[in-house]
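Coordinate inspection notes
The lines below spell out each chain.
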Amino acid sequence: MSVQSVLIDFSLDSARLADESGQKSVFEQLQTMLKEYLPNLLLAAEISLDGGSLKILTGMKGVTVSIRLFDRGLVTINVEYYKDDSEDPLITFKSAKELESKLKKNIKGLKSQALPPLKRCLFGRYLPSSDERLLEYDIDATLFDEVSPFQRVQIVHSKILGNMLVLDDLQNISEADLVYTETLMQRGKESYEGKEIVILGGGDGALLYELLKEKPRYVWMLEIDEMVMRACNKHLNSICGDVLERRKGSNYEIIVEDCMLTVKKFIKENKKVDYIFGDLTDIPISDAPCGELWEFMINILNSAFKILKPTGKFMTHGNGATSSDSLEMYEQVLMKMKPSVTFSKTKAFVPSFYEDWIFYQIGFTQE
């Protein structure tokens, strides 16, 4: 079940929409053609607006059509209706393209476009890219949807990606995303055998599961959200195995609390580890490296390096490769750290993100 939204846009010579008479003429041409695809359309409202006008039509089965005419030469058409899963769509993408072509010819439009129908439903099919482009997923079911004290936690199913963890309407990891975990840990480039490791976050369990295959001496995973682990243990065990079920083994332990509490404890004990993984929030998208999220990230960085061995490394994910300004701001933060650090970065295409992602490997500057 979903509300279908069909969007068609046109550009015209602005002189044709410069006044009420011109807008009425174009609207009547559009209305005549629309009735061939959506019978029994009736004009329900006409509204004069600054810069143009809005016409609203209604039809059978609750169909509404809004036509916005802008005096600068733009016309937008929005068709909306409710569709049950068993019903055929009133307008498919193919028929929307046909309608677009006929309308463009009829009104002598300059340019036009029709978008595939948007499916607006109770489980989201649309998630944003790192630079806020709209991505459509083939999500066909919601397996888990609850709100924890920290965030909204969802597990959804995609025909292509398998089960996928979504936190606060942002995709996090799917069953198709082993490349994310392997790039984060630099598998094949870093040796974890016999090493002590701290994971900050990592509630999906995928990183811990893969690290344990490398025979580390001990891994502490510090995750605050019990609900995330419960959901992933049930619906994403293909990527986390049984680590979220057991919670503790001979060489690992999951500590359920704010990660900074354990980090501060390690600082007090003067404990040093070989690797720290920052598997928390992405680098914030902002105009400047300030605000609550930036302060949190910088605090994590400064605290983490206090429990890192001189030869140790801090490994973390960054953000989408297209988010260049925020990535550059993060690198400026790294270059100002005391003691000084050096960093390298790796790029990998992550299937569930539908884009290239940047990962950082950071260590103390060696004299």
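Residues numbered from 1 in each chain as written. Predicted model: local features only at pLDDT ≥ 70, side-chain atom pairs only at ≥ 80, totals over all residues. Heavy atoms only, no water.

Concerning the overall build of the chain
- For the chain, the helix and strand inventory stands at 10 helices and 21 strands.
- Taken over the C-alpha trace, the chain has a radius of gyration of 26 Å; the compact-globule value for 367 residues is 21 Å, which it surpasses by more than 25%.
- Seen through its principal axes, the chain has C-alpha atoms that stretch 80 × 45 × 35 Å.
- Counting contacts in the chain only where the partners sit at least 6 residues apart, residues at least 24 apart contribute 60% of the total.
- Here the chain displays about 18200 Å² of accessible surface, and carbon together with sulfur accounts for 51% of that area.
- Here the chain contributes 44 positive and 55 negative side-chain charges, whose respective centroids are spaced 3 Å apart. (Helix = DSSP H or I, 4+ residues; strand = E, 2+ residues; numbered from the N terminus. Rg over C-alpha atoms; globule rule 2.2 N^0.38 Å. Contact = heavy atoms within 4.5 Å. Areas by Shrake-Rupley, 256 points an atom, 1.4 Å probe, with all protein chains shown as cover. Lys, Arg positive; Asp, Glu negative; His and termini not counted. Charge placed at Lys NZ, Arg CZ, Asp CG, Glu CD.)

With respect to the sheet that holds strand β13 (residues 170-174)
- Ordered by their spatial adjacency, 4 strands build an open sheet running β10-β11-β12-β13, and the pairing between neighbours is antiparallel. A strand with exactly one partner marks an edge of an open sheet, and here the two such strands are β10 (139-147) and β13. Neighbour-to-neighbour, the strand axes of this sheet turn through a mean angle of 25 degrees, independent of strand direction.
- When strand β12 (residues 162-167) meets β13, the two strands line up antiparallel, connected through 4 bridges. Looking across to β13, one finds that Leu-167 is bridged to Leu-170. (Pairing = 2+ DSSP bridges. Axes fitted to C-alpha atoms, helices over the stretch in contact; angles between N-to-C directions.)

Quick notes on the environment of Tyr-275
- Mapped onto the fold, Tyr-275 is located in strand β18 (residues 273-279).
- Of the residues examined, Tyr-275 reaches a relative accessible area of 7% and is grouped as buried.
- Looking at Tyr-275, its side chain comes within polar contact range of the side chain of Glu-190, at 2.5 Å. (Buried < 20%, exposed > 50% of the residue type's maximum accessible area, 1.4 Å probe, protein only. Polar contact = N/O pair within 3.5 Å; in protein donor to acceptor, adjacent residues only side chain to side chain.)

Some words on the side chain of Asp-274
- By the secondary structure assignment, Asp-274 is in strand β18.
- At 2.8 Å, the side chain of Asp-274 and the backbone nitrogen of Glu-196 are in polar contact.
- Within the local environment of Asp-274, its side chain forms a polar contact with the side chain of Lys-309, the two groups lying 3.1 Å apart.
- When near neighbours in sequence (up to four residues on either side) are disregarded, Asp-274 contacts Lys-195, Glu-196, Leu-308, Lys-309, Gly-312 and Lys-313.

A word on the pattern of salt bridges
- Applying the stated rule across the entire model yields 21 salt bridges.
- The salt bridge involving Asp-131 is made with Arg-133; its shortest N-O contact spans 2.9 Å.
- The partly exposed category is assigned to Asp-131, whose relative accessible area is 32%.
- Between Arg-187 and Glu-182 there is a salt bridge, and its shortest N-O distance comes to 2.8 Å.
- A relative accessible area of 27% places Glu-182 in the partly exposed class. (Salt bridge = Lys/Arg side-chain N within 4 Å of Asp/Glu carboxyl O.)

Overview of the pairing of strand β20 (residues 341-350)
- Pairing of β20 with strand β21 (residues 355-364), which is carried by 10 bridges, proceeds in the antiparallel orientation. Paired with Lys-345 across the two strands is Tyr-360, which belongs to β21.
- Hairpin remark: β20 followed by β21, antiparallel, with 4 residues in the connecting loop; positive phi at Tyr-354, about 60 degrees.

Quick notes on the packing of helix α9 (residues 292-304) against helix α10 (residues 324-335)
- At a closest axis distance of 11 Å, the pairing of α9 and α10 adopts a crossing angle of 40 degrees. By the angle between their directions, the pair α9 and α10 is classed as oblique. α9 and α10 meet at a crossing whose hand is right-handed. Contact residues: Trp-294, Met-297, Ile-298 and Leu-301 in α9; Ser-326, Met-329, Tyr-330, Val-333 and Leu-334 in α10.
- Tallied by class, residues from the contact of α9 with α10 come to 8 nonpolar, 1 polar and no charged. (Parallel < 35°, antiparallel > 145°, perpendicular 65-115°, else oblique. Left-handed = near helix turned anticlockwise from the far one by under 90°. Nonpolar A, V, L, I, M, F, W, Y, C, P; charged D, E, K, R; others polar.)

Describing helix α2 (residues 93-107)
- If you check α2, its first and last C-alpha atoms are 21 Å apart, about what 15 residues at 1.5 Å a residue would give, namely 21 Å.
- Looking at α2, one finds that the buried residues are Ser-95, Ala-96, Leu-99, Glu-100, Leu-103 and Ile-107. Down the axis of α2, the sector holding all buried residues measures 145 degrees, keeping them to one side. Opposite its buried face, α2 presents the exposed residues Lys-94 and Lys-105, each directed more than 90 degrees away.
- As for α2, its buried residues are in contact with β1 (2-11), α1 (20-37), β5 (74-83) and β6 (111-114). (Expected span 1.5 Å × (residues − 1). Arc of directions from axis to C-beta.)

A few points about the UniProt feature "active site" (unreviewed entry) in the chain
- Mapped onto this numbering, the UniProt entry gives "active site" (unreviewed entry) at Asp-279.
- You can see Asp-279 is positioned in strand β18. (UniProt positions renumbered as here; feature names shortened; annotations may be inferred.)

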